[in-house]
Each structure stands twice: as structure tokens, then as C-alpha cells.
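Survey of secondary and tertiary structure
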Amino acid sequence: QVQLVESGGGLVQPGGSLRLSCAAAGSISRIRGMGWYRQAPGTQRELVAVITSGGSTNYTDSVKGRFTISRDNAKNTMYLQMDNLKPEDTAVYYCKAEVRIPGGLRFNDYWGQGAQVTVSS
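Quick look at the structure, then. (Residues numbered from 1 in each chain as written. Predicted model: local features only at pLDDT ≥ 70, side-chain atom pairs only at ≥ 80, totals over all residues. Heavy atoms only, no water.)

1. Brief notes about the state of the cysteines
Working definition: the covalent bond between the sulfur atoms of two cysteines is a disulfide. For clarity, the threshold we go by: Throughout, a disulfide means two cysteine sulfur atoms within 2.5 Å of one another. Elements are defined by DSSP. Helices are runs of H or I of four residues or more, strands are runs of E of two residues or more, and each kind is numbered from the N terminus. Exposed residues in this analysis have more than 50% of their type's maximum accessible area, buried residues have under 20%, and partly exposed residues fall in between, with area computed by a 1.4 Å probe over protein chains only.
For the structure shown, the criterion picks out one disulfide. Two residues, cysteine 22 and cysteine 95, share a disulfide whose sulfurs are 2.1 Å apart. Disulfide cysteine 22 to cysteine 95: torsion about the S-S bond roughly 65 degrees, handedness right-handed. Here cysteine 95 lies in strand 9 (residues 91-100) and cysteine 22 lies in strand 3 (residues 18-26), a separation of 73 residues in the sequence. Under the relative-accessibility criterion, cysteine 22 is labelled buried at 0%. Exposure remark for cysteine 95: the relative accessible area of 0% places this residue in the buried category.

So this is what it looks like as C-alpha cells:
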């Protein structure tokens, strides 16, 4: 059984910074792609950033230059460094990972529990 545990959310003023963490735990053979998504009330969940197992990254346009996605494969952990935060970044942030368990034949998607990020004066 695999779970993704998120941490690092909170309340921050505009222009401030937060770092989210997503740690995968349980029976894990390999993690392929990982990514961060966010959802504000009344909206659909949107992709924020993705990172491949080799470290290649992509970002949605609204966060380019402000957010940085990274991962530590030895720790099965992914991070999202968020700088120069804006009120429109307020949302619940979810991490996702493509995980293969020991003896498994395929990768399955697993999701974190969500972390609230609130940017407000």
C-alpha cells in the first residue's frame, strides 16, 4: 500500500514564499513521473508543475519564474518551492506520483491528501 504525505502548506502574505513537500511511503519499487496540481473552490483541478524521473520539468504559464519543482529520488520525495506568491495562487495543492510496487507490472497514480495554501494580506 502506498501513500503520499504532503506538508508545508499555510498562510502567507503576497510576495512571500512557501515550500511544499510530498513524501511517498509504503511498498514502492519505482516512481516515474511526479507532479503538483491545485484546485480552488468552484474550479477544476489544474496542473501546476510536473517532473520526470530524470529531472525534466514543465510549468503552467502562471507560475513560471516563481515556482520550482524538484525531487529527491533517494528519499522518494518531491518539493514545490513557491516564491513571490500571489493571492491567485490560493488553492489546495495536491501531489501526484506514478508508482510501481514491488512485483508490480505497471505504474499506478497515487495522490496526496492536499495542502491548503492561502495567500492574503
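What follows picks up the thread again.
2. So, the side chain of arginine 71
To keep it simple, the criterion reads: Two residue types count as positive, namely Lys and Arg, and two as negative, namely Asp and Glu; His and chain ends fall outside the count. One side-chain nitrogen of Lys or Arg within 4 Å of one carboxyl oxygen of Asp or Glu is enough to make a salt bridge. Definition of a polar contact: a pair of N or O atoms within 3.5 Å, with one able to donate and the other able to accept a hydrogen when the atoms are protein atoms, and with sequence-neighbouring residues admitted only if both atoms are side-chain atoms.
Positionally, arginine 71 belongs in strand 7 (residues 67-72). Despite its burial, arginine 71 remains without a salt bridge, the nearest opposite charge being carried by glutamate 98 at 7.3 Å. At 2.7 Å, the side chain of arginine 71 forms a polar contact with the backbone oxygen of arginine 32. Separated by 3.0 Å, the side chain of arginine 71 and the backbone oxygen of threonine 52 make a polar contact.

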